[in-house]
Amino acid sequence: MRLPKLHKGRIAPTLERPGAGVQSSFPHKHLLAISDLSVKDIEQILALSETYVQTNRSNNKKNPILKGQTLINLFFENSTRTRTSFELAGKRMGVDVINMNVESSSTAKGETLLDTAMTLNAMHPDFITVRHAESGAVQLLSQKVKCAVINAGDGWHEHPTQALLDALTIQKRRGKIKGLTVAICGDILHSRVARSNIALLNKMGARVRVVAPPTLMPLYVETLGVEPFYEMERGLKNVDVVMMLRLQKERMTGNYISSTSEYFHFYGLDRTKLSVAKDDVFVMHPGPMNRGVEIDSELADDINRSVILDQVEMGVAVRQAVLELLAHKS
Ligand code: CP
């Protein structure tokens, strides 16, 4: 069988014609959690994402290899980056993208998540991306539909495409992940971004530290394969990468911090706290960020230190790669 070119310099594994019969070597029907992926899976996603980074920087961003496919974005929580980048990723690949407006959908009339899922399934989508406040909701939904389901963030559990785009950002900046020391700082307790990044960075051979006040540190956090610190000055010493997290107030049920100004004083990243890290340290944040709460505003905008907008760029490429690898697995 002749293998057609998908992109300059890249061949689809066993593609007969764009949008039909893709049988990639990616062994998963859904993308629900980093914990489901092997090192080889992660490397495959990152390598494919890299080709999309180049395409997205060119004048011809559109390559409709998934023409005729349908993606439904089903977001029960707010999003700017994730939802927009899945939409853009799909459109650049020729996918018809539907953004469900949950607030004006029949969930507002009491329809359950699973009934919503089965209703959408009857319309034969090829992909559904789901963001939901409950940990495990996306996995449950994936058991009720025929199409590929992508976890766009479920409760405190996982946000796998965020960790993948973070990994791509680190790899592009440093040329590797293995052997780096990464400090993830802030509201570790409520953060699905932290959990996905801890899982991915450990699999890829990085050393992971977590830095938080005791109230925002999960119990037994060491069992995740991280080294906990309760002071920024100690946690950031000699690290290669600092990943800041937002206070997830929407998931807090009590008083976890005294005040945002006190939090910034002890845990907000500024140049003084960063000065104990390696000379070439860089700063990440998944967004949305709260300037002056977890990160100093001027530092966040410093293009010599901050890769926050690089992360956004990588997000589109990673989501394109994920769509390509999950295509036609139903
Ligand atoms: N990082 C992230 O998930 O951002 P959004 O909430 O804007 O999608």
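Residues numbered from 1 in each chain as written. Predicted model: local features only at pLDDT ≥ 70, side-chain atom pairs only at ≥ 80, totals over all residues. Heavy atoms only, no water.

Turning our attention to the overall build of the chain. Of the regular secondary structure elements, the chain holds eleven helices and eleven strands. At 20 Å, the chain has a C-alpha radius of gyration in line with the 20 Å of a compact globule built from 330 residues. Along the longest, intermediate and shortest principal axes, the C-alpha atoms of the chain span 60 × 50 × 35 Å. Within the chain, buried positions represent 55% of all 330 residues. Considering only contacts in the chain between residues 6 or more positions apart, those separated by 24 or more positions represent 73%. Only carbon and sulfur atoms are counted for the fraction: they give 50% of the accessible area of the chain, which is about 14700 Å². (Helix = DSSP H or I, 4+ residues; strand = E, 2+ residues; numbered from the N terminus. Rg over C-alpha atoms; globule rule 2.2 N^0.38 Å. Buried < 20%, exposed > 50% of the residue type's maximum accessible area, 1.4 Å probe, protein only. Contact = heavy atoms within 4.5 Å. Areas by Shrake-Rupley, 256 points an atom, 1.4 Å probe, with all protein chains shown as cover.)

The next subject is the confidence of the model for the chain. Should pLDDT be low for a region, the predicted coordinates there are not to be read in detail. In the predicted model, the chain carries a mean pLDDT of 92, and 92% of its residues have values of at least 70. Contacts of residues 1-23 to residues separated by more than four positions or lying in other chains number 47 contacts, the stretch itself having pLDDT below 50. (pLDDT = per-residue confidence, 0-100.)

As a further point, take the site of the ligand. Taken together, the neighbourhood of the ligand is formed by Asn78, Ser79, Thr80, Arg81, Thr82, Arg131, His159, Gln162, Pro286 and Gly287. At 2.8 Å, a backbone N or O of Thr80 approaches an oxygen atom of the ligand. In the environment of the ligand, an oxygen atom lies 2.6 Å from a nitrogen or oxygen atom belonging to the side chain of Thr82. Isolated, the ligand exposes 250 Å² of accessible area, and the fraction of that covered by the protein chains is 92%. Per-class residue counts for the shell around the ligand are one nonpolar, seven polar and two charged. (Near = heavy atom within 4 Å. Polar contact = N/O pair within 3.5 Å; in protein donor to acceptor, adjacent residues only side chain to side chain. Nonpolar A, V, L, I, M, F, W, Y, C, P; charged D, E, K, R; others polar.)

Further remarks concern helix 5 (residues 160-174). Helix length check: helix 5, at 15 residues, gives a terminal C-alpha distance of 21 Å against a target of 21 Å (1.5 Å per residue), a fit within 8%. Looking only at helix 5, the buried set comprises Pro160, Thr161, Gln162, Ala163, Leu164, Leu165, Asp166, Ala167, Leu168, Thr169 and Ile170. Phi for Gly175, located one or two positions after helix 5, is positive at around 80°. (Expected span 1.5 Å × (residues − 1).)

Here the bond from Gly287 into Pro288 is cis, since omega is -5°, no more than 30 degrees from zero. With respect to the helices, strands and loops of the structure, Pro288 is situated in the loop between strand 11 (282-284) and helix 10 (297-300). Phi is positive for His124, close to 60°, though the residue is something other than glycine. Mapped onto the secondary structure, His124 falls in the loop between helix 3 (113-121) and strand 5 (127-132). Positive phi, close to 65°, is recorded for Asn238, a residue that is not glycine. Examined against the element boundaries, Asn238 turns out to sit in the loop between helix 7 (232-235) and strand 10 (241-244).

To continue, consider the packing of aromatic side chains. With the rule as written, the count across this model stands at one aromatic pair. The ring of Phe264 carries Lys273 above its face, with NZ or CZ at 5.7 Å from the centroid. The aromatic ring of Phe86 is capped on one face by Arg319, whose charged end is 5.2 Å from the ring centroid. (Phe/Tyr/Trp six-rings, centres within 6.5 Å; stacked < 30°, edge-to-face > 60°. Lys NZ or Arg CZ within 6 Å of the ring centre and 35° of its normal.)

Before going further, it helps to examine the side chain of Ser196. Summarising the element assignment, Ser196 is placed in helix 6 (residues 192-203). Looking at Ser196, the relative accessible area reads 0%, which means it is buried. In this structure the side chain of Ser196 is engaged in a polar contact, spanning 2.5 Å, whose partner is the side chain of Glu158. Look past the residues within four positions of Ser196 in its chain and what remains in contact with it is Ile34, Glu158, His159, Pro160 and Ala163.

A few words on the packing of helix 2 (residues 81-92) against helix 11 (residues 308-326). Two numbers describe how helix 2 lies on helix 11: the axes approach to 8 Å, and their chain directions differ by 55°. When the axes of helix 2 and helix 11 are compared, the pair comes out oblique. Where helix 2 crosses over helix 11, the handedness of that crossing is right-handed. Judged by residue contacts, Arg81, Thr82, Ser85, Phe86, Leu88, Ala89, Gly90 and Arg92 of helix 2 engage Val312, Gly315, Val316, Arg319, Gln320 and Leu323 from helix 11. (Axes fitted to C-alpha atoms, helices over the stretch in contact; angles between N-to-C directions. Parallel < 35°, antiparallel > 145°, perpendicular 65-115°, else oblique. Left-handed = near helix turned anticlockwise from the far one by under 90°.)

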